[in-house]
Amino acid sequence: MKRQTAHRWLAILVLVFALPSLACQFSLIDWSFFDQPTPAPGAGPGPVPTPTPLVEITFNVRLPVPLAPGETMYLAVLDEVTGLSLNPLLYTMQPLDAQTYSFKMPVPLGSMVKYRYVRRGMNTVQEDTTFGDLVRYRLYQASSSGEANDLLASWSDQPFSGQTGQIRGVVTNAASGQPIPNIMVSAGGVTTLTDSLGQYYLEGLIPGTHLLTAYALDGKFKPFQQGALVMADASTPAMLAVQPTNLVQVTFNLTAPNDTVAGAPVRLAGSLTQLGNTYGDLGGGLSTVASRMPVMTPGGQPGRYSLTLSLPAGADIRYKYSLGDGFWNAEHDAEGKFVVRQLIVPNTDTVVNDTVRTWQAGPSAPIVFNVTVPANTPIGDIVSIQFNPYGWTEPIQMWPLGNNRWIYRLSSPLNMLGSFGYRYCRNDQCGSADDIETAGGQSRRVSTSLTTETRQDTVRAWKWLPEGDPATVIAVPIKARTPGFWAGVEFQAAYHPTWQSFYPFALNNVQGLGTNVLVLTPTWTAKHSQPLIFAPTAGQDPLWEDNLHAMQVGRAANLNVALYPTPVLQPNGPDFWLKAPLTPGWWDQWFARYRAFALYHADLAAQGGAQALILGGESVLPALPGGTLVNGTPSNAPADAEARWRSLAAEVRARFKGQLLWAHPYRGTLAPAPAFIDQFDAVYLLWSAPLAANGQDLEAMKNEAGRRLDEDVLPFLTRIGKPVIVAIDYPSARGASLGCVPAGGGCLDWAALQPIYPDDPAIPLDLQGQADLYQVMLQTVEGREWISGFVSRGYYPPVALMDKSSSVRGKPAADLLWYWYPRLLGR
């Protein structure tokens, strides 16, 4: 099953096609921008950095086939701060011949131009890759006057047919020679991120010479670009060395309009990660997240704000000021257009003085949203508002008034809207932690007006947060375990960039349960199985710095941190393997990429100070010696698969000195341990076994749990001579105790109950059933001293939900952990 990010991506595909054709209705893309020169860097009065000279860049593109009669070719220069599809500058290209087009434009020296190609006739059509993925953007570094000579592989309305090749290489630090993770590498409209070995793989490039660009998402390395010749059915090696940059202090002084709401956070939205850019395709075509943007400090005079940041010298920063994000409530010019400023960071400390002309766009007056929320809204939760002008965009945090009241004043871009939808949610998790009246994708409605309107709303109740008394915990004597026992919580193996700002609150809750181990589950996404594309994906997977931040927050909460990296195989795990060619050459690719995946997280664990690293799990079962697919057929894993796994374990140990565990599934039948289990320190047993044949008698379930531990698990451990951590996964849905949540005539994959997916009302909620399963398992484990730990899997970090997922946060099962964990640890 696809993650929500995949569904959001589909929504963005619709957005890219729909907006141009709906421009007259929604005006989200202002076609009057056609043929306009690139705007000069914006700045207000006062001292500013030395003006940057302009250089001329020629963009040439070769098409796969000539345009149809009446079609026009455009160069789209993109704005990632507002939204790639929301504020492009489109320039008419001139034909050099039937399949070659060109356009010249001046840009400031040092600019990083993000662009793509579109054609327009009856409809607007965007370029895509040979795999059918829309081109997010191409990159061109304007270090001097020059040319970008591009080859366009395919249009989104025309399937690709032809030969392809690859570019593969390593990106290193030119000063130290060390490999660098998290560098974006782009060629031919295909982008990827480097792993901790500095490796990158660009697949599916059409033959010819492509512009190869390396770009640091935080600007801490200078961009590098060169030409790379790609041959059909061949791999082009390209080793890239990038120069580190120096950090300088940049102070942004802002004069805001007189109508700026006093006390409202003024944010600096920008094109680097530290300025809120996720480099991902988020809700409604946005890439920035408001909660990740730095907030300016009010000055001594009304309307004055200031912010000092350490920024990389030479970096091209596109930025704007906002009372929301890069799209909502951001600054506009006198004509109502989006303002996007540009700063090429100088080599010395500097002061930038800016003035926001207006937060309002056009004559439409602001709309004030004033909402009263239920008294049971958890302390520390933030109420967010989400808008739906053409699809749900990213939520924005409201401003607290106290006494369960929150307010938000929306000023722009109301000139582009008529009637639009909105909804309230908790902690930016709209779609799961919703106002009960708008749960399931519903919305409240509001229309723009020439006079200010105040919406007085009341949230009667929150979805998945009913009124209720705390659970009753029965006191029982508990014997404290020996030092080293795990009393843990494992986060869900899903991710959204909005989670990051809520980790401190989540870890405070986890710490309150008496937990001593936090298991983080970073992911890489395998977007295609043929050819294999498996790498960290911005917006879907936590990136290098995101993971380090989560580990830092965990350690600051006095928790031991373990990493359990998890591959996300699209469209879903079983289908991924069934569609893979599974040839010897393909298996070589898979083991090479999984090796990079494992070493990436070993390096991450070492740098972040983790105590343990967990490999394995259900997603890799077909790659084990003698592996099978979900339909029972052999996976054709290589004959030397065992040797490859042993070699990988040895490499991991060379880079990470903590505990190394093997994740082994136990859904009711316990498969033999792989032969290479001797390379691991312990087994992380993924327990989701059924405990009730029918009914839910606690004593019977306890007996069944004990039988499974004694008859299945203990002999298993005796054979391999390893300790075990029991990591349990039971959703709060009817049927969990039976090992089957009924759905569609079969059993539902429990991952489909995660909050990132829509709720199925046909599946009954069963909070008490989950609590009973936890009580049974805790009592059963407590009586068996040969078990070295207990972990609750599926914890949802951004918000407490009494939903059907496996997360115990805010549920009766968490109260059991609160009672048991400190006593098991002898606290």
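Residues numbered from 1 in each chain as written. Predicted model: local features only at pLDDT ≥ 70, side-chain atom pairs only at ≥ 80, totals over all residues. Heavy atoms only, no water.

What follows is about the overall build of the chain. Secondary structure summary: the chain contains 10 helices and 46 strands in total. Since a compact globule built from 827 residues should have a radius of gyration of about 28 Å, the 27 Å found for the chain is in line with a globular shape. With respect to the principal axes defined by its C-alpha atoms, the chain has extents near 75 × 65 × 50 Å. When burial is assessed residue by residue, the chain has 60% of its 827 residues classed as buried. (Helix = DSSP H or I, 4+ residues; strand = E, 2+ residues; numbered from the N terminus. Rg over C-alpha atoms; globule rule 2.2 N^0.38 Å. Buried < 20%, exposed > 50% of the residue type's maximum accessible area, 1.4 Å probe, protein only.)

Turning our attention to the sheet that holds strand β33 (residues 453-458). On the basis of which strands lie adjacent, the open sheet formed by 4 strands has the order β29-β30-β26-β33 and mixed pairing. Looking along the sheet, the strands with just one partner apiece sit at the ends: β29 (399-402) and β33. Adjacent strand axes in the sheet meet at a mean angle of 25°, parallel and antiparallel pairs treated alike. Strand direction decides the pairing type here: strand β26 (residues 367-372) and strand β30 (residues 405-410), joined by 6 bridges, are antiparallel. From the neighbouring strand, V371 faces β30, where its bridge partner is W406. (Pairing = 2+ DSSP bridges. Axes fitted to C-alpha atoms, helices over the stretch in contact; angles between N-to-C directions.)

Spatially, β37-β36-β39 is the arrangement adopted by the 3 strands of the open sheet, whose pairing is mixed. Of all strands in the sheet, those bounded by a partner on one side alone are β37 (532-535) and β39 (566-569). With strand direction ignored, the average angle separating the axes of adjacent strands in the sheet is 20°. Pairing geometry for strand β36 (residues 523-529) and β39, over 4 bridges, is parallel. Looking at β39, one finds that T523 is bridged to T566. On top of the sheet, helix α6 (residues 584-608) reaches β36, β37 and β39; it is set at about 5° to β37, its chief contact. (Contact = heavy atoms within 4.5 Å.)

Below, the discussion takes up the pairing of strand β23 (residues 316-322). Among the 7 residues in β23, 6 count as buried, and that is most of the element. In terms of strand pairing, strand β20 (residues 267-270) meets β23 through 4 bridges, oriented antiparallel. Among the inter-strand pairings, A269 is bridged to a residue of β23, identified as K320.

Close approach of charged atoms lets side chains of opposite charge pair. One pass over the full model with this rule turns up 39 salt bridges. Residue E80 pairs with R136 through a salt bridge whose shortest N-O separation is 2.7 Å. Of this pair, E80 sits in the loop between β2 (72-77) and β3 (89-92) while R136 sits in the loop between β7 (124-128) and β8 (138-141), and the two are 56 residues apart along the sequence. Both residues of the pair, E80 and R136, count as buried. Note that D766 and R734 form a salt bridge whose closest N and O atoms lie 3.6 Å from each other. Of this pair, D766 sits in the loop between β45 (746-747) and α9 (767-782) while R734 is found in the loop between β43 (724-728) and β44 (742-743), placing the two residues 32 residues apart along the sequence. Accessibility expressed as a relative area gives 46% for R734, which makes it partly exposed. (Salt bridge = Lys/Arg side-chain N within 4 Å of Asp/Glu carboxyl O.)

F491, W577, W590, W645, W687, M777 and F790 are the most contacted members of the largest nonpolar core, which has 118 residues in total. Ranked by residues supplied to this core, first place goes to α6 with 13 residues. Once residues within four sequence positions are removed from consideration, W687 is found in contact with Y666, A705, R708, L709, V713, V726, A727, I728, D729, Y730 and M777. Core analysis: the next-biggest nonpolar cluster, separate from the first, contains 72 residues, L268, I317, W328 and W406 among them. (Core = buried A, V, L, I, M, F, W, Y, C linked by side-chain atoms within 4.5 Å.)

Within the secondary structure, T58 is located in strand β1 (residues 54-62). On the basis of relative accessibility, which here comes to 8%, the residue T58 falls in the buried class. Ignoring anything within four residues of it in the chain, the contact list for T58 reads S102, F103, K104, G146, E147 and A148.

What follows is about the pairing of strand β35 (residues 517-520). A regular strand places its side chains on the two faces of the sheet in alternate fashion. Burial along β35 is two-sided: V517 and V519 and L518 and L520, pointing in opposite directions, are all buried. Relative to β35, strand β34 (residues 486-491) runs parallel, the two being bridged by 3 bridges. Counterpart to G488 in the pairing with β35 is V517. Pairing between β35 and strand β38 (residues 560-563): 4 bridges, direction parallel.

Our next topic: helix α7 (residues 641-655). The terminal C-alpha atoms of α7, which comprises 15 residues, lie 21 Å apart, in line with the 21 Å expected from a rise of 1.5 Å per residue. A641, W645, L648, A649 and V652 are the residues of α7 that are buried. Seen along its axis, α7 keeps its buried residues to an arc of 100°; they face one direction. (Expected span 1.5 Å × (residues − 1). Arc of directions from axis to C-beta.)

With that settled, consider the state of the cysteines. Applying the stated criterion across every chain, the model contains 2 disulfides. Between the sulfur atoms of C425 and its disulfide partner C430 the distance amounts to 2.0 Å. Measuring the twist about the S-S bond at about -70°, one finds the C425-C430 disulfide to be left-handed. For C425, a relative accessible area of 0% translates into the label buried. Residue classification places C430 among the buried residues on the basis of a relative accessible area of 7%. What links to what in the chain: the bonded cysteines, counted in sequence order, pair as 1-2, 3-4. (Disulfide = S-S within 2.5 Å.)

Under the criterion given, the structure shown has 52 aromatic pairs. Their ring planes at 50° and their centres at 5.6 Å tell us that W577 and W590 sit as a pair that is tilted. Taken as a pair, W577 in helix α5 (residues 573-579) and W590 in helix α6 lie far apart in primary sequence, 13 residues in all. Residue class for W577 comes out buried when judged on its relative accessible area of 4%. A residue is classified by how much of its surface remains accessible, and W590, at 3% relative accessible area, is buried. The aromatic ring of W155 is capped on one face by R119, whose charged end is 5.1 Å from the ring centroid. Cation over ring: R423 sits above W392, and NZ or CZ is 4.0 Å from the ring centre. (Phe/Tyr/Trp six-rings, centres within 6.5 Å; stacked < 30°, edge-to-face > 60°. Lys NZ or Arg CZ within 6 Å of the ring centre and 35° of its normal.)

One can describe the packing of helix α3 (residues 503-512) onto helix α4 (residues 544-556) by two numbers: an axis separation of 9 Å at closest approach and a directional angle of 35°. Judged by the twist between their axes, the crossing of α3 over α4 is right-handed. Within the contact between the two elements, α3 uses Y503, P504 and L507 and α4 uses H549, A550, V553 and G554. (Left-handed = near helix turned anticlockwise from the far one by under 90°.)

The omega torsion across Q530 and P531 is -10°, close enough to zero to call that bond cis. Note that P531 resides in the loop between β36 and β37. Although it is not a glycine, Y279 sits at a positive phi angle of roughly 60°. Relative to the helices and strands, Y279 is located in the loop between β20 and β21 (297-298). Residues other than glycine seldom take positive phi values, yet L582 does so here, at roughly 55°. Note that L582 resides in the loop between α5 and α6.

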